[in-house]
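Residues per chain, in single letters:
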Amino acid sequence: MTTNPAPDLLTRRDAFYRELEPHAMAALWTRLRKLIPSEPTPAGVAHRWSYAAARPYLMESAMLISAEEAERRVLLMENPGLPGTSCITSTMYAGLQLLLPGEVAPAHRHTQSALRFILEGSGAYTAVDGEKTYMEPGDFVITPAWTWHHHGHEGNAPMVWLDGLDIPIVSFFNGGFREEFDSVVSPVTRPAGDALARYGTGLMPVGYQASTLNSPVFNYPYARTREALFALPHAGAPDPHTGYLMRYTNPVDGGWAMPTIATMIRLLPTGFATLPYRSTDSTVFVCVEGSGHVMIGDQRLELAPHDIAIVPGWSRYTLHASQDLVLFSYSDRVAQEKLGLFREQRF
Ligand code: GTQ
């Protein structure tokens, strides 16, 4: 293994490598360690976006362009370690979308899957595949790939939500398609609340044949989620590495709610801190309520309501709650699990 080649041989090797270049070939042994690393070294960096700092820019954007002209009036969050990519991690996209009362974000569809996590406001809806759902802060809403969707606002204050999409995954597979609907809104064929009534109560229509790619429930209301989360401390102690951590599930098969994006929510009671943990999925955290911080090595990221933080994959981190801290998170974990790539480590 460890031989010391003669200087003459080294020169001949370099010449050989240069000779290969114009043939679009290269010697694997010069690249093997980088190509097949001993462990992941994610391209993105740890970062936090303060909602208080971002919000004025979002409001300013509404003075420059309407939702309709923009198609989607969104300020995207780009990982400082991934400049020019429009991505928040190497596999996930994140943006803050603003809709004002009376505005419509026109109907379109795309092969990218999207989630909405509602940050502020009330009275706006998203219409997905023929059904409207009115959105409230803390709601988790799914827009499955290739479903027609538009957003509208019947309330009286600005509505802001976080968009999470699997844009980098779809572009990696070169699978991106988009279509605009031929009018501003796509048809609504079922009453609001239909999906939640049929599939979201522990009941299921008998004989229901569903694709299990996406959950048929496409709005997981925070009122229900919150009640569930805050019931957990009555029954036992939090997991020392994750806190009270729950995942959003597809009620048809118990799997993840979406095919490429794993979504979870957790409660860390006041004063609680997790033990160090890491996993291979770079994760986007959204502070829903409460406050605290995340430590990634010696880097400290503060978490106040609606702040967004990135923990790069395979980085050891701890979470700390100063006030009952509720964190929504999403990552490519579900895709990694399907490919046999997901790993986690508890310290
Ligand atoms: O609302 O459909 O942030 O298509 C980026 C692309 C939101 C949306 C984004 C989109 C949407």
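Analysis parameters
- Residues numbered from 1 in each chain as written.
- Predicted model: local features only at pLDDT ≥ 70, side-chain atom pairs only at ≥ 80, totals over all residues.
- Heavy atoms only, no water.
- Core = buried A, V, L, I, M, F, W, Y, C linked by side-chain atoms within 4.5 Å.
- Buried < 20%, exposed > 50% of the residue type's maximum accessible area, 1.4 Å probe, protein only.
- Near = heavy atom within 4 Å.
- Polar contact = N/O pair within 3.5 Å; in protein donor to acceptor, adjacent residues only side chain to side chain.
- Areas by Shrake-Rupley, 256 points an atom, 1.4 Å probe, with all protein chains shown as cover.
- Helix = DSSP H or I, 4+ residues; strand = E, 2+ residues; numbered from the N terminus.
- Nonpolar A, V, L, I, M, F, W, Y, C, P; charged D, E, K, R; others polar.
- 1 Å grid on protein atoms, 1.4 Å probe; cavity = no way out; pocket = protein on both sides within 12 Å on 5 of 7 lines; lining within 4 Å.
- Points joined across faces, edges and corners; volume = space filled by probe spheres on them.
- Arc of directions from axis to C-beta.
- Contact = heavy atoms within 4.5 Å.
- Pairing = 2+ DSSP bridges.
- Axes fitted to C-alpha atoms, helices over the stretch in contact; angles between N-to-C directions.

K.L.:
Whenever I open this one, the nonpolar core confuses me. Can you help?
P.N.:
Most often, soluble globular proteins have nonpolar side chains that are buried together. In this structure, Ile88, Phe117, Phe140, Leu162 and Tyr330 are the most contacted members of the largest nonpolar core, which totals 51 residues. Ala46, Leu268, Leu303 and Ala309 belong to the second-largest nonpolar core, a separate cluster that totals 18 residues.

K.L.:
When you look at the site of the ligand in this model, what are you seeing that I'm missing?
P.N.:
Taken together, the residues surrounding the ligand are Arg72, Val74, Tyr93, Gln97, His108, His110, Arg116, His149, His151, Asp163 and Leu165. With respect to the ligand, the side chain of His108 contributes an N or O atom lying 2.9 Å from an oxygen atom. A distance of 2.8 Å separates an oxygen atom of the ligand from a polar atom in the side chain of His149. Within the complex, 89% of the 290 Å² of free accessible area of the ligand lies under protein. Among the elements of the structure, strand 3 (93-99), strand 4 (104-110), strand 9 (149-153) and strand 10 (159-165) are those that each provide at least two residues to the shell around the ligand. Among the residues making up the shell around the ligand, the classes are represented as three nonpolar, five polar and three charged.

K.L.:
Looking at this structure, I do not really get empty space enclosed by the protein. What am I missing?
P.N.:
Gaps between atoms show up when a probe of the same size as a water molecule is rolled over them. Summed over the entire model, instances satisfying the criterion amount to two cavities of 30 Å³ or more. One number sums up the size of the largest cavity: a volume of about 90 Å³. Contributing to the lining of the largest cavity are 15 residues, with Met264, Arg266, Ser279, Asp281 and Thr283 lying nearest its centre. Those elements giving two or more residues to the lining of the largest cavity turn out to be strand 14 (262-268), strand 15 (277-279) and strand 19 (317-331). Considering every element that reaches the lining of the largest cavity, the biggest residue donor is strand 19, with four residues. The class makeup of the residues in the lining of the largest cavity is seven nonpolar, five polar and three charged. What lines the second largest cavity is simply Pro42, Ala43, Gly44, Asn79, Thr89, Ser90, Ser282, Ile310 and Pro312. Broken down by class, the residue content of the lining of the second largest cavity amounts to four nonpolar, five polar and no charged.

K.L.:
How do you make sense of unusual backbone geometry when you look at a structure like this?
P.N.:
For residues other than glycine, phi is negative in most cases, and the peptide bonds are mostly trans. We note that Asp129 has phi near 55°; this positive angle belongs to a residue other than glycine. With respect to the secondary-structure elements, Asp129 resides in the loop between strand 6 (124-128) and strand 7 (131-134). In the Ramachandran plot, Asn174 falls in the positive-phi region, its phi being about 55° despite a non-glycine side chain. Residue placement: Asn174 occurs in the loop between helix 5 (167-172) and strand 11 (178-180).

K.L.:
When you look at the layout of surface pockets in this model, what are you seeing that I'm missing?
P.N.:
Here the largest pocket is characterised by a volume of approximately 930 Å³. Counting residues per element, the ones that place at least two in the lining of the largest pocket are helix 5 and helix 8 (333-338). By residue class, the composition of the lining of the largest pocket is 13 nonpolar, 11 polar and five charged.

K.L.:
Looking at this structure, how should I read helix 7 (residues 222-231)?
P.N.:
An α-helical turn contains 3.6 residues, so any two residues separated by three or four positions project in the same direction. Along helix 7, the residues classified as buried are Tyr222, Thr225 and Leu229. Down the axis of helix 7, the buried set is contained in an arc of 60°. They therefore lie on one face. For helix 7, the exposed residues set more than 90 degrees away from the buried face come down to Ala223 and Glu227. On its buried face, helix 7 sits against strand 12 (219-220), strand 13 (244-247), strand 14, strand 16 (283-296) and strand 19.

K.L.:
Is there a simple way to think about the sheet that holds strand 9 in this case?
P.N.:
Two pairing modes exist for strands in a sheet, parallel and antiparallel, and in both the strands are linked by backbone hydrogen bonds. Judged by pairing direction, the sheet is antiparallel, and its five strands sit side by side in the order 7-6-9-4-11 without closing on themselves. The open sheet is flanked by strand 7 and strand 11, the only strands paired with a single partner. Pairs of neighbouring strands in the sheet enclose a mean axial angle of 25°, with direction left out of account. Two elements, strand 6 and strand 7, share four bridges in a ladder whose sense is antiparallel. Residue pairing for strand 7: Tyr125 is matched across the bridge by Tyr134.

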